[in-house]
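Structural description and commentary
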Amino acid sequence: MIACAKQKVREGKLVKVEIEYDESIKKLKITGDFFMYPEDALERIEKTIVGLKKDAGMETIASKIRSIVEIEDVQMIGISAESLARVIREALG
Amino acid sequence: MKWRVVELETYDACMNMALDEVAGESVRNSSIPTIRFYNYKPSAVSIGYFQGIRDEVNLEICRELGIDCVRRFTGGGAVFHDCEGEITYSVAAPLNIFPKNIIESYRIICGWIVSGLERIDIKAEFRPVNDILVGGKKISGSAQTRRGGVLFQHGTLLYNLDLETMFSVLNVSRQKISGKMIKDARERVTCISNHCDAGKEDVYEALVRAFTKGKDFEIGTWSRDELTMARELALKKYGSDEWMYLR
């Protein structure tokens with residue numbers, strides 16, 4: 001199953017998620033007009049979500065994202081771990 | 001600390017991105033902070049690092065109109081860089097001379113643009129995160145990144161508006177390029193020529209004065225090594241499909 005969700009998130013920027021999944025998440029691409037330093041942390045965020053069950057809750061997804069944010073001291077402007085998780089959850093239906 | 005100011009120069013989109021990256025590298029390697037002003041020729045669309053190019057840009061129309069397209073190494077949104085209608089700037093400097101708080105550092109650099117506009121009698125204000133408004137309408141947008149002890153910020157200041165071309169190259173279907181949409185955009189976006197008669201040269205002079213006020217600076221140029229590195233980056237990185245279609 002391939003799905004997509006797009007939201008202007010609470011922090012102000014646009015986030016689009018394209019996701020491929022069956023029982024678990026196989027592939028994920030996050031795009032948008034937000035800011036994140038270092039930029040390549042987004043790839044690690046995408047990777048950490050891959051493998052989660054398709055019915056993973058918002059908090060599970062957000063905590064996976066937060067773990068990368070904390071380890072790598074990632075700074076996000078216009079988005080947050082919670083907002084990203086919300087768009088991913090919406091794409092999963 | 002002495003700043004280097006590289007005067008208004010014109011390059012294509014790939015070379016402009018490459019020179020911006022080189023400016024950051026030069027801060028990292030030799031702590032030379034650089035302010036540069038530039039234009040794009042041919043006109044170009046730049047997209048944010050995290051954007052999908054096919055989502056944002058009508059590549060077919062860009063090809064038809066001879067408009068370049070480039071992915072920036074900074075986040076943010078897609079920008080149409082009209083070769084006649086804007087002045088673009090970049091600032092590369094040691095991170096430790098700016099506030100750690102990202103919004104506050106945007107406020108400082110965007111404040112230089114606000115001061116430049118004041119010099120031509122335009123009252124502007126910074127709107128966090130990264131915009132400058134005149135009369136509630138956007139006149140300038142910027143994008144910042146921080147890496148390896150370097151703060152880098154670039155942005156555009158609109159001199160003229162060509163909304164029809166902007167809407168044709170940014171990915172809005174032909175059917176949607178309606179009069180209403182252009183009218184809506186005119187209510188949200190403005191440019192210097194809507195507010196004063198200053199020529200582009202006057203605007204540029206005002207910006208140079210505002211960006212350099214209170215700084216020890218010299219008008220400088222790129223070194224031969226910097227230009228060589230930039231040409232290589234323009235060709236192998238910014239001009240590559242791998243970079244263009246990264247997302």
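Scroll up to find the structure.
All figures in this text were calculated on a predicted structure; none of them were measured in a lab.

A word on the sheet that holds strand 3 (residues 25-32) of chain A
All names here are of chain A. With antiparallel pairing, three strands are arranged side by side in an open sheet as 1-2-3. Every interior strand has two partners, whereas the edge strands, strand 1 (2-8) and strand 3, have only one. On average, each strand axis in the sheet is inclined to that of its neighbour by 15°, with strand direction left out of account. With seven bridges connecting them, strand 1 and strand 2 (residues 14-21) associate as antiparallel partners. When the sheet's bridge partners are listed, Lys8 is paired in strand 2 with Leu14. Each of strand 1, strand 2 and strand 3 is contacted by helix 3 (residues 81-91), which is oriented at about 140° to strand 1, the strand it contacts most.

Some points on helix 1 (residues 41-49) of chain A
Residue and element names in this part refer to chain A. Taken together, the buried positions of helix 1 are occupied by Ala41, Leu42, Ile45, Glu46, Thr48 and Ile49. Taken end-on, helix 1 shows its buried residues confined to a sector of 165°, consistent with a single buried face. Those residues of helix 1 that are buried are in contact with strand 3, strand 4 (35-37), helix 2 (58-71) and helix 3.

Overview of the packing of aromatic side chains
Residues and elements named next belong to chain B. For the structure shown, the criterion picks out 13 aromatic pairs over all chains. Where Phe37 meets Tyr204, the ring centres are 5.4 Å apart and the plane angle is 80°; that geometry is what we call edge-to-face. Taken together, the residues Phe37 in strand 2 (residues 34-40) and Tyr204 in helix 7 (residues 200-212) connect sequence positions 167 residues apart. Where Tyr49 meets Phe50, the ring centres are 5.1 Å apart and the plane angle is 90°; that geometry is what we call edge-to-face. Just as Tyr49 is buried, Phe50 falls in that class too.

Describing unusual backbone geometry
Cis geometry is adopted by the peptide bond preceding Pro38 of chain A, which originates at Tyr37 of chain A and carries an omega value of -5°. Structurally, the position occupied by Pro38 of chain A is in the loop between strand 4 and helix 1. Of note, the amide linkage connecting Lys41 of chain B to Pro42 of chain B takes the cis form, showing an omega dihedral of 0°. Structurally, the position occupied by Pro42 of chain B is in the loop between strand 2 and strand 3 (44-47). The phi dihedral of Asp73 of chain A is positive, around 50°, even though this residue is not glycine. The residue Asp73 of chain A is located in the loop between helix 2 and strand 5 (75-77) in this model. Backbone geometry at Asp121 of chain B places phi at a positive 65°, although glycine is not the residue there.

Rules of the game
Residues numbered from 1 in each chain as written. Chains lettered and ligands numbered in written order. Predicted model: local features only at pLDDT ≥ 70, side-chain atom pairs only at ≥ 80, totals over all residues. Heavy atoms only, no water. Pairing = 2+ DSSP bridges. Helix = DSSP H or I, 4+ residues; strand = E, 2+ residues; numbered from the N terminus. Axes fitted to C-alpha atoms, helices over the stretch in contact; angles between N-to-C directions. Contact = heavy atoms within 4.5 Å. Buried < 20%, exposed > 50% of the residue type's maximum accessible area, 1.4 Å probe, protein only. Arc of directions from axis to C-beta. Phe/Tyr/Trp six-rings, centres within 6.5 Å; stacked < 30°, edge-to-face > 60°.

Everything listed is a geometric property; what it means functionally is a separate question.
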